[in-house]
Amino acid sequence: MLLGCIGDDFTGSSDLGNTLAKEGMRTVLYGGVPEEAAAPEVEAGVVALKSRTIPVAEAVSQSLAVLDWLEAQGCQQYLFKYCSTFDSTPQGNIGPVAEALAERLLAQSVIVCPAFPGTGRSVYQGHLFVNDRLLNESGMEAHPLTPMTDADLRRWLAPQTSLSVGHVPAATVFQGAEAIRKALTRAKERLLVVDAIRDEDLHAIGTAASDLPLLTGGSGIAMGLPANFRQKGLVDSNPPAWHGEDGPCAILSGSCSTATRGQIARHKTRHPTMEISADAVMSGEVSAETVASWILATSGLPLAYTSADPETVAEAQQTFGRDAVATRIEALFADTARILCDRGVRRLIAAGGETSGAVVEGLGISTMEIGPEIDPGVPAIRATGRPLTLALKSGNFGGEDFFEKAAGVLS
């Protein structure tokens, strides 16, 4: 294995796997810390954790455990992958995990770059934009778990870590890889927010980072990394042919993002949907058996969702507690996915990072093969050794017709 990657959720990890596979690396996605060695043909390993919103100490511990495994596979470079909307709080978890990895790897200049222009995320003058809006004006300020109220990544990251935080501006990035490399070498700070607004910026950053032990960012930061290994004669693989699965398809959505709610609204006009309220989940009125039975008895592309508007989510959190609501809903989706697959579902679509993580954990999937891209940042995935294909979608990703498109690609 050449490149070892640690993802803080499942959708982001599949997004990263998609980027690396498109750039020609034989990539495998692992759910949680693997217990066995990677297959010898794997060039990039992406280990998906569910650590974005867990306590900081647990996130650090799990990430270091993954690093131990990746080091044992002989990796030459490491990437800590987080969301392109930098989902975190002033306490963590991005800063503490990045710091722990940097200390373990003795990394002096660590890139921080969540930019992903293909999905409208760009970093300019140290600020994160979603399309033409600052992050804190994009809807992310109302996120139920990681409300992003400041678009200045330097200011948001600094309280999370004892490491110094610096900046490599767009004016330097536009000059190309050599200018970026010099800026990284000369910087006194250890964590360096690097501007990027175009794919070519990310390719240049990747080239400049060829000798760095550790990078952090969204999946876009990986665009230029496969070429570095290819130039060394280490990557020359032919990706395996993709084949989907026939059989029933089910869609589960727990994301409250604007994009997902738009996708649900469109889907409702064409296919059957079942809305699940937090109140119904917390009271026990709705169970996994209830949801699974409805899906299995419904033709077309049935969708079950808890994706309420932010105000409704906030009311439920105030009534029952934020963590309690999240835990019960994730358990509901995990149990529903398990029942569905036990009863013949062969194509499963999950929307939202926490939902996707719960589904993968509930199904006990440990190894996944990356297939073709469905929409930017979202690949088709095959559960290794099982007749099951999946799409794990970040809440913010995908076009309005994503659910229909994903069902087609998975088949």
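Residues numbered from 1 in each chain as written. Predicted model: local features only at pLDDT ≥ 70, side-chain atom pairs only at ≥ 80, totals over all residues. Heavy atoms only, no water.

## Some remarks on the pattern of salt bridges
1) Next: In the structure shown here, the tally under the stated rule is 21 salt bridges.
2) Next: Between Arg190 and Glu103 there is a salt bridge, with its nearest N and O atoms 3.0 Å apart. Note that Arg190 is positioned in the loop between helix H6 (177-186) and strand S10 (191-194) and Glu103 in helix H3 (residues 94-105), a separation of 87 residues in sequence.
3) Next: Residue Arg190 is classed as buried on the basis of its relative accessible area, which comes to 16%.
4) Next: Residue Glu103 is classed as partly exposed on the basis of its relative accessible area of 41%.
5) Next: A salt bridge links Asp375 to Lys405, with the nearest nitrogen and oxygen atoms 2.7 Å apart. Taken together, the residues Asp375 in strand S16 (residues 367-375) and Lys405 in helix H15 (residues 402-410) connect sequence positions 30 residues apart.
6) Next: With relative accessibility at 8%, the residue Asp375 sits in the buried group.
7) Next: With a relative accessible area of 32%, Lys405 lands in the partly exposed category.
8) Next: Shared partners join several salt bridges into a network, and the residues in it are Asp8, Asp9, Arg52 and Asp87. (Salt bridge = Lys/Arg side-chain N within 4 Å of Asp/Glu carboxyl O. Helix = DSSP H or I, 4+ residues; strand = E, 2+ residues; numbered from the N terminus. Buried < 20%, exposed > 50% of the residue type's maximum accessible area, 1.4 Å probe, protein only.)

## Notes on the packing of H6 against helix H7 (residues 199-208)
1) Next: In contact at an axis separation of 8 Å, H6 and H7 are set at 55 degrees when each is read in the N-to-C sense. By the angle between their axes, H6 is oblique relative to H7. Here H6 runs over H7; the crossing is right-handed. Contacts between H6 and H7 involve Ala177, Ile180, Arg181 and Leu184 on the former and, on the latter, Ala204, Ile205, Thr207 and Ala208.
2) Next: Its residues assigned to classes, the contact of H6 with H7 comprises 6 nonpolar, 1 polar and 1 charged. (Axes fitted to C-alpha atoms, helices over the stretch in contact; angles between N-to-C directions. Parallel < 35°, antiparallel > 145°, perpendicular 65-115°, else oblique. Left-handed = near helix turned anticlockwise from the far one by under 90°. Contact = heavy atoms within 4.5 Å. Nonpolar A, V, L, I, M, F, W, Y, C, P; charged D, E, K, R; others polar.)

## Let's talk about the sheet that holds strand S6 (residues 121-124)
1) Next: Here we have 3 strands laid out as an open sheet, ordered S6-S7-S8, and antiparallel in their pairing. Across the chains shown, the open sheet's two edge strands, defined by having one partner strand only, are S6 and strand S8 (133-134). (Pairing = 2+ DSSP bridges.)

## Details of the packing of aromatic side chains
Within a pair of aromatic rings, the relevant descriptors are the distance that separates the centres and the angle that separates the planes.
1) Next: With the rule as written, the count across this model stands at 5 aromatic pairs.
2) Next: Taken together, a centroid distance of 5.2 Å and an interplanar angle of 65 degrees make the contact between Tyr30 and Trp69 edge-to-face. Residue Tyr30 is located in strand S2 (residues 27-31), and its partner Trp69 is located in helix H2 (residues 56-72); the two are separated by 39 residues in the primary sequence. Pair check on accessibility: Tyr30 and Trp69 agree, each one buried.
3) Next: Each ring, one from Tyr82 and one from Phe86, has its centre 5.2 Å from the other, and the planes form 85 degrees; the classification is edge-to-face.
4) Next: Residue classification places Phe86 among the buried residues on the basis of a relative accessible area of 0%.
5) Next: An aromatic cluster of three or more residues is present, and its members are Phe80, Tyr82 and Phe86.
6) Next: The side chain of Arg382 reaches across the aromatic face of Trp242, ending 5.8 Å from its centre.
7) Next: Just above the ring of Phe402 sits the side chain of Lys393; from NZ or CZ to the centre is 6.0 Å. (Phe/Tyr/Trp six-rings, centres within 6.5 Å; stacked < 30°, edge-to-face > 60°. Lys NZ or Arg CZ within 6 Å of the ring centre and 35° of its normal.)

## Some words on unusual backbone geometry
1) Next: The omega angle of the peptide bond from Gly92 to Asn93 is 20 degrees, so this bond is cis rather than trans.
2) Next: The residue Asn93 is located in the loop between strand S4 (77-81) and H3 in this model.

## Some remarks on helix H14 (residues 353-363)
Because each turn of an α-helix spans 3.6 residues, side chains separated by three or four positions in sequence point in the same direction.
1) Next: Judged by how many residues are buried, H14 sits mostly within the fold: 10 of 11 residues are covered.
2) Next: All of the buried residues along H14 are Gly353, Glu354, Thr355, Ser356, Gly357, Ala358, Val359, Val360, Gly362 and Leu363.
3) Next: Where H14 ends, the next residue or the one after it, Gly364, has phi of about 65 degrees, a positive value.

## Side note on a negative patch on the surface
1) Next: On the surface, Asp279, Glu285, Glu311 and Glu315 cluster together into a patch of negative charge.
2) Next: For Glu315, the position within the fold is in helix H12 (residues 310-320). (Patch = residues over 30% accessible without salt bridge, like charges linked within 9 Å, V, L, I, M, F, W, Y side chains within 5 Å. Areas by Shrake-Rupley, 256 points an atom, 1.4 Å probe, with all protein chains shown as cover. Lys, Arg positive; Asp, Glu negative; His and termini not counted. Charge placed at Lys NZ, Arg CZ, Asp CG, Glu CD.)

## Quick look at H15
1) Next: The complete set of buried residues in H15 reads Phe402, Phe403, Ala406, Ala407 and Leu410. Seen from one end, H15 has its buried residues packed into an arc of 130 degrees, which puts them on one side. (Arc of directions from axis to C-beta.)

## Examining the nonpolar core
1) Next: Among the nonpolar cores identified, the biggest contains 137 residues, and Phe86, Ile111, Ile205, Leu348 and Ile349 are the most heavily contacted of them.
2) Next: The leading source of residues in this core is helix H13 (residues 322-342), at 8 residues.
3) Next: Beyond its immediate chain neighbours, meaning those up to four positions away, Ile349 contacts Cys249, Ala250, Ile251, Leu252, Ala391, Phe402, Phe403, Ala406, Ala407 and Leu410. (Core = buried A, V, L, I, M, F, W, Y, C linked by side-chain atoms within 4.5 Å.)

## Describing a nonpolar patch on the surface
1) Next: Residues Tyr124, Phe174 and Ile197 make up a contiguous nonpolar surface patch of about 280 Å² in total accessible area.
2) Next: Position of Tyr124 relative to the elements: it lies in strand S6.
3) Next: Residue Tyr124 is classed as partly exposed on the basis of its relative accessible area, which comes to 39%.

## Thoughts on the environment of Leu348
1) Next: Along the chain, Leu348 turns up in strand S15 (residues 347-351).
2) Next: Take Leu348: its relative accessible area is 1%, and that puts it in the buried class.
3) Next: Linking Leu348 and Ile329, residues 19 residues apart in sequence, is a C-alpha distance of 17 Å.
4) Next: Beyond its immediate chain neighbours, meaning those up to four positions away, Leu348 contacts Ala250, Leu252, Ala337, Leu340, Cys341, Val359, Leu363, Leu388, Thr389, Leu390, Ala391 and Leu410.

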